[in-house]
Structure formats: structure tokens, C-alpha cells
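A closer look at the structure
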Amino acid sequence: MTALDQFAAQKLRDLEARQLRRRLIDSTRTDGIHVLRNGRRLVSFSCNDYLNLSHHPKVKAAAAAALERYGTGAGASRLVTGNHPLFAELESRLAQIKGTEAACVFGSGYLANAGIIPALIDRDDLVLLDELSHACLWAGARLARANVLAFRHNDVAHAAALLAEFRAQHANAMIATDGVFSMDGDLAPLPALAALAARTDAWLIVDDAHGLGVVGDGRGSRFAHGDVPDVPLQMGTLSKAAGGYGGYLCASRAVIDLIQNRARSFIYSTGLPPATVAAATAALDIIASDRDLVAKPLRNARRFTAAAGLPEAQSAIVPVVLGTADRALAASRHLEDEGFLVVAIRPPTVPDGTARLRVAFTAGHAEGEIDRLAALIRERVLA
Ligand SMILES: Cc1ncc(COP(=O)(O)O)c(C=O)c1O
């Protein structure tokens with residue numbers, strides 16, 4: 001064994017000892033709801049394909065047509081020769097849904113945040129993040145080499161106190177939060193955060209990965225609060241409710257033009273494949289026009305929380321916090337024996353001591369399956 005292999009093996013043993021080692025498991029998704037794993041067909045409550053659009057006939061047909069016409073890859077960065085004609089259509093749909101002047105599509109949601117934040121913020125600046133913000137918001141903030149501070153989850157008063165103490169020492173400031181929290185399913189208090197940002201001359205960025213297609217009539221978290229707050233930077237991903245892949249930022253024309261000139265993950269990474277872009281446009285058409293479909297994931301999540309005796313769901317994501325990694329893994333195994341895929345989420349994805357089942361609802365889940373899962377969780381996991 002080389003020293004490098006020994007290093008890797010030791011790190012893996014450490015993870016194993018703490019029940020935190022992860023492994024890839026072959027998972028064949030057949031229809032947006034079911035998953036074949038270890039020779040069994042399970043009902044998945046772990047996919048973020050909230051509208052089951054990854055298998056929608058119109059979305060697949062759009063991808064197939066684009067593949068046939070434009071080939072498999074973009075061929076280069078969008079700023080070189082990779083800007084095939086399908087991007088403009090996708091970006092105008094995104095801007096329309098989010099109510100902004102313009103939009104910019106990235107390779108993924110992670111790449112979007114890793115590019116957007118350092119393009120706008122540098123080492124003289126301040127970034128305030130909700131402590132439960134997604135890993136890629138943290139990555140973007142750290143790449144910017146800014147002064148990065150966390151405020152307590154959804155605690156606007158704490159964010160205000162930090163700004164009162166530190167804002168004056170920094171040229172620019174950003175407040176960053178998930179719109180729908182990926183592991184907790186709750187919503188950020190966007191009206192209050194937007195008001196705070198306006199008062200303190202800070203720029204608010206909202207990661208709407210889990211809001212698009214699910215809350216605010218499918219338009220996302222900015223539209224989920226009676227009053228539409230002023231959110232100048234709405235980023236998100238096309239990999240959840242849109243059923244495909246890719247990230248985006250919706251913002252003013254000036255900001256988007258700057259991002260296309262400065263975001264390194266946009267400039268130095270190949271454009272998304274044509275089929276992926278065409279699929280996303282077809283998915284957004286469905287999201288924008290099918291009100292009944294976009295209402296279903298939240299309706300299903302609420303059916304579950306009522307039946308399981310949990311606080312009412314605010315999004316398609318419901319956490320069942322169990323504490324130790326051991327307990328979460330055992331619960332997940334038990335549900336798998338019963339035919340359900342509900343993956344255990346462990347640190348560092350969630351804070352220590354809060355390992356959980358993360359139950360994700362889609363439009364296509366059958367009511368009978370939701371009720372059966374709720375009964376199992378109430379009677380066997382939480383009892
Ligand atoms: C809140 C949030 N932001 C960003 C991402 C990253 O998006 P992508 O999968 O497109 O990289 C995810 C999940 O993957 C997420 O949950």
C-alpha cells in the first residue's frame with residue numbers, strides 16, 4: 001500500500017467506526033416513482049423529481065429531438081462555441097417564471113453557487129449565511145474569500161445583529177439562504193430577510209433548488225409568501241422538480257451580463273448538452289401551465305404529516321429527525337424491508353445528533369402508499 005492508500009484507508013475506517021461511511025448502490029429509476037435496488041422494486045420517497053418530469057413523455061421527446069438535431073455535447077464553454085440555440089429559449093422561460101429581466105444557465109446548481117458568489121463578492125466583503133444553507137452556498141462564499149458568518153436558522157434578528165456589528169467594516173454584503181431548506185423542508189422568512197437586506201444595503205441570494213415546481217404555484221419560494229419580496233438573486237437547479245440537470249441564476253440584465261463575464265464556473269466549464277437544455281425547457285412549460293400538477297407534491301406531503309402526526313409540511317420535504325446515525329440507518333432498513341426507499345441522512349449533510357429520514361413527496365405518489373408509510377413511521381419508527 002502506498003502512503004496515499006494508507007491515508008485513504010485510515011480515513012475510511014474512521015468514517016466506518018462512526019457509521020458515516022457512504023456507499024454507492026445501483027438504483028434504476030423506472031418511472032419517476034419506483035426504484036429497482038438489490039433486485040427489489042421499491043416506492044421511492046427519496047427522489048427530488050417532485051413532479052416526476054424525468055419520465056414525462058413530452059420532456060423525453062424534447063430531449064430526443066434535440067439530441068438528434070444537435071448531437072450529444074455542447075463542444076465547448078458557452079463563451080467559445082458551446083452556446084447552442086436552445087439556451088436562449090430556456091433562459092427566457094426561467095426569467096419569465098421567476099419574474100426577472102434575465103437568466104443565466106450553468107452546468108449545475110452547485111456550479112451556479114460556486115460561480116455566482118465569487119463573481120459578486122470578494123475578500124473585502126461580508127457574506128451572511130443561514131446556518132443550514134446548502135453546501136454549495138457555503139462553497140461559493142468560501143471561494144469568494146469573504147468574511148463568512150452564519151446566522152441561526154431562520155433567525156432574522158440574529159442576522160440583523162450580525163449586520164449591525166459587522167456591516168460597516170465591509171464594502172459589500174450578501175445574505176444567502178435556501179428558499180426551501182433541503183434537509184428540513186421549511187421555508188426561509190424571505191419577506192423579513194428582503195426587508196433586512198434593503199435596510200442594510202446587502203444583496204439577498206436565495207437558493208430555490210427545492211422551491212421551483214413545488215411552492216408559490218410552482219414559481220418558487222419568492223412567490224410562496226403573500227407579499228412577493230424583493231429578491232435580486234434567485235438561483236436554483238433544473239435537477240429537482242424540472243427532472244433533469246443544470247443550474248441557473250435569475251436576476252437583472254446587468255447582473256446576468258456581469259455573471260457571464262466573471263463567474264468562473266460559467267466561463268471555464270462546458271455548456272450543458274442540448275438534450276438537457278431542451279428537456280428543461282419542456283419541463284418548465286409544464287411547470288408554468290399545469291397548476292394542478294404543481295400543487296400535488298405539497299398536498300401529498302401534508303397528507304403524510306397529518307397521518308404521521310408530524311408538524312404540517314411546508315414543502316415536498318419532510319424530515320423525521322431520529323438523532324443518531326445508527327437509528328436513522330435502522331429505520332431506513334426497516335422501511336426498505338416494507339418496500340419503501342427512504343434514505344437515511346447523516347452528518348455532515350445534517351448537524352451532529354440530527355440524523356434523520358428525509359421523506360420527499362412527488363406528484364405521482366399513490367395515497368395508499370403515503371398512508372402506509374405514515375403508519376409505519378408513526379407506529380414503528382417514532383413509537
Ligand atoms: C438547496 C440546494 N442547492 C443546490 C443544490 C445543487 O444542485 P445540483 O444538483 O444541480 O448541483 C442542491 C442539491 O443538489 C440543493 O439541495
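As shown above, the structure is provided for reference.
Reference entry: report on the structure contained in this document.

Cut-off values and rules
- Residues numbered from 1 in each chain as written.
- Predicted model: local features only at pLDDT ≥ 70, side-chain atom pairs only at ≥ 80, totals over all residues.
- Heavy atoms only, no water.
- Core = buried A, V, L, I, M, F, W, Y, C linked by side-chain atoms within 4.5 Å.
- Buried < 20%, exposed > 50% of the residue type's maximum accessible area, 1.4 Å probe, protein only.
- Helix = DSSP H or I, 4+ residues; strand = E, 2+ residues; numbered from the N terminus.
- Contact = heavy atoms within 4.5 Å.
- Near = heavy atom within 4 Å.
- Polar contact = N/O pair within 3.5 Å; in protein donor to acceptor, adjacent residues only side chain to side chain.
- Areas by Shrake-Rupley, 256 points an atom, 1.4 Å probe, with all protein chains shown as cover.
- Nonpolar A, V, L, I, M, F, W, Y, C, P; charged D, E, K, R; others polar.
- 1 Å grid on protein atoms, 1.4 Å probe; cavity = no way out; pocket = protein on both sides within 12 Å on 5 of 7 lines; lining within 4 Å.
- Points joined across faces, edges and corners; volume = space filled by probe spheres on them.
- Phe/Tyr/Trp six-rings, centres within 6.5 Å; stacked < 30°, edge-to-face > 60°.
- Lys NZ or Arg CZ within 6 Å of the ring centre and 35° of its normal.
- Pairing = 2+ DSSP bridges.
- Axes fitted to C-alpha atoms, helices over the stretch in contact; angles between N-to-C directions.
- Parallel < 35°, antiparallel > 145°, perpendicular 65-115°, else oblique.
- Left-handed = near helix turned anticlockwise from the far one by under 90°.

So, on to the nonpolar core. In terms of nonpolar packing, the biggest core is built from 41 residues, with Leu 51, Leu 53, Leu 90 and Leu 94 touching the most fellow members. For this core, the element with the highest residue contribution is helix α10 (residues 274–289), accounting for 10 residues. The contact partners of Leu 51, leaving out residues within four places of it in the chain, are Gly 213, Ala 241, Ile 287, Leu 293, Val 294, Pro 297 and Ala 363. With 28 residues, the next largest nonpolar core counts Val 127, Trp 138, Leu 233 and Met 235 among its residues.

Now for the site of the ligand. If you check the shell around the ligand, you find 13 residues, and the closest are Gly 109, Asp 207, His 210, Thr 237 and Lys 240. At 2.7 Å from an oxygen atom of the ligand is found a side-chain nitrogen or oxygen belonging to Thr 237. Between the ligand and the protein, one listed contact pairs an oxygen atom with a side-chain N or O atom of Ser 239 at 3.4 Å. Protein contact buries 86% of the 380 Å² of open area that the ligand shows by itself. Counted by class, the shell around the ligand contains three nonpolar, seven polar and three charged residues.

Let us now look at the layout of surface pockets. Here the second largest pocket is characterised by a volume of approximately 220 Å³. Forming the walls of the second largest pocket are 13 residues, and the residues nearest its centre are Pro 118, Leu 143, Ala 144, Arg 145 and Arg 264. The leading source of residues in the lining of the second largest pocket is helix α4 (residues 109–120), at four residues. Here the residues of the lining of the second largest pocket sort into seven nonpolar, one polar and five charged.

This part is about empty space enclosed by the protein. Enumeration according to the criterion identifies two cavities of 30 Å³ or more in this entry. By volume, the largest cavity is sized at about 70 Å³. Taken together, Arg 78, Phe 87, Val 105, Phe 106, Gly 107, Ser 265, Phe 266, Ser 269, Thr 270, Gly 271 and Leu 272 make up the full set of residues lining the largest cavity. Secondary-structure elements contributing two or more residues to the lining of the largest cavity are β4 (102–106) and α9 (264–267).

Further remarks concern the packing of aromatic side chains. Applying the stated criterion across every chain, the model contains four aromatic pairs. By way of ring pairs, the aromatic residues Phe 45, Phe 304, Phe 340 and Phe 361 are connected into one cluster. Stacked on the ring of Phe 87, the Lys or Arg Arg 78 has its end atom at 3.8 Å from the ring centre. One cation-aromatic arrangement involves Arg 219 over Phe 223; the distance from NZ or CZ to the ring centre is 3.9 Å.

Time to look at the sheet that holds strand β3 (residues 40–44). Strand order in the open sheet formed by four strands is β1-β2-β3-β12, and the pairing between neighbours is mixed. Each end of this open sheet is capped by a strand with a single partner; those strands are β1 (28–29) and β12 (340–341). Inspection of the sheet shows β3 paired to β12 by two bridges, in the parallel sense. In the sheet register, Ser 44 faces β12, and the bridge partner there is Leu 341.

Moving on, we get to the packing of helix α12 (residues 325–337) against helix α13 (residues 367–381). α13 packs onto α12 with a crossing angle of 135° between their chain directions and a minimal axis gap of 11 Å. Accordingly, the angle class assigned to the pair α12 and α13 is oblique. Here α12 and α13 pass one another in a crossing that is right-handed. Across from Arg 327, Ala 331, His 334 and Leu 335 in α12, the residues of α13 making contact are Leu 373, Leu 376, Ile 377, Arg 380 and Val 381. By residue class, the composition of the contact of α12 with α13 is six nonpolar, one polar and two charged.

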